[in-house]
Amino acid sequence: MKRKYVPIERAIAWGKEQCAPFFDNDEGAGICTVVAVTDMGYCRDGVTCWYHFDMDGVPCYTLKF
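Residues numbered from 1 in each chain as written. Predicted model: local features only at pLDDT ≥ 70, side-chain atom pairs only at ≥ 80, totals over all residues. Heavy atoms only, no water.

A few words on the side chain of T48. Following the sequence through the fold, T48 ends up in the loop between strand 2 (37–42) and strand 3 (49–55). On the basis of relative accessibility, which here comes to 7%, the residue T48 falls in the buried class. Here the side chain of T48 touches D45 through a polar contact of 2.7 Å, side chain to side chain. If we skip the residues at most four places from it in the chain, T48 touches G41, Y42, C43, L63, K64 and F65. (Helix = DSSP H or I, 4+ residues; strand = E, 2+ residues; numbered from the N terminus. Buried < 20%, exposed > 50% of the residue type's maximum accessible area, 1.4 Å probe, protein only. Polar contact = N/O pair within 3.5 Å; in protein donor to acceptor, adjacent residues only side chain to side chain. Contact = heavy atoms within 4.5 Å.)

Dropping the structure here:
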């Protein structure tokens, strides 16, 4: 199955939804998320990172510039 592109902002929001009960009572937690990454690496430009992960059973990837 081909991986679906997910913008990093959406991946972060999805991760926050998954771990929200752990941080609901901590005002000092700041921006925090947990996404289980199955693989990662660098693109040919040597700067951009790619990440593979599953979002609700769907294989996805995102890019961090």
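Right, let's talk about the pairing of strand 2 for a bit. The pairing of strand 2 with strand 3 spans 5 bridges and is classified as antiparallel. Residue pairing in the sheet places G41 in a bridge with W50 of strand 3. In sequence, strand 2 turns back onto strand 3 through a hairpin of 6 residues, with G46 there showing a positive phi of about 80°. (Pairing = 2+ DSSP bridges.)

Glancing now at the packing of aromatic side chains. Under the criterion given, the structure shown has 1 aromatic pair. Here Y5 and Y61 contribute two aromatic rings whose centre-to-centre distance is 5.3 Å and whose plane-to-plane angle is 55°, an arrangement assigned as tilted. With Y5 in strand 1 (residues 4–5) and Y61 in strand 4 (residues 58–64), this pair connects stretches of sequence that are 56 residues apart. For Y61, a relative accessible area of 28% gives the class partly exposed. (Phe/Tyr/Trp six-rings, centres within 6.5 Å; stacked < 30°, edge-to-face > 60°.)

The subject of this paragraph is the pairing of strand 3. In strand 3, alternate side chains face the same way, and those of C49, Y51, F53 and M55 are buried while those of W50, H52 and D54 on the opposite face are not. Taken together, the 7 bridges between strand 3 and strand 4 define a ladder with antiparallel strand orientation. Looking at strand 4, one finds that C49 is bridged to K64. Taking the residues between adjacent antiparallel strands as the criterion, strand 3 and strand 4 are bridged by 2 residues, where D56 takes a positive phi near 55°.

Everything listed is a geometric property; what it means functionally is a separate question.
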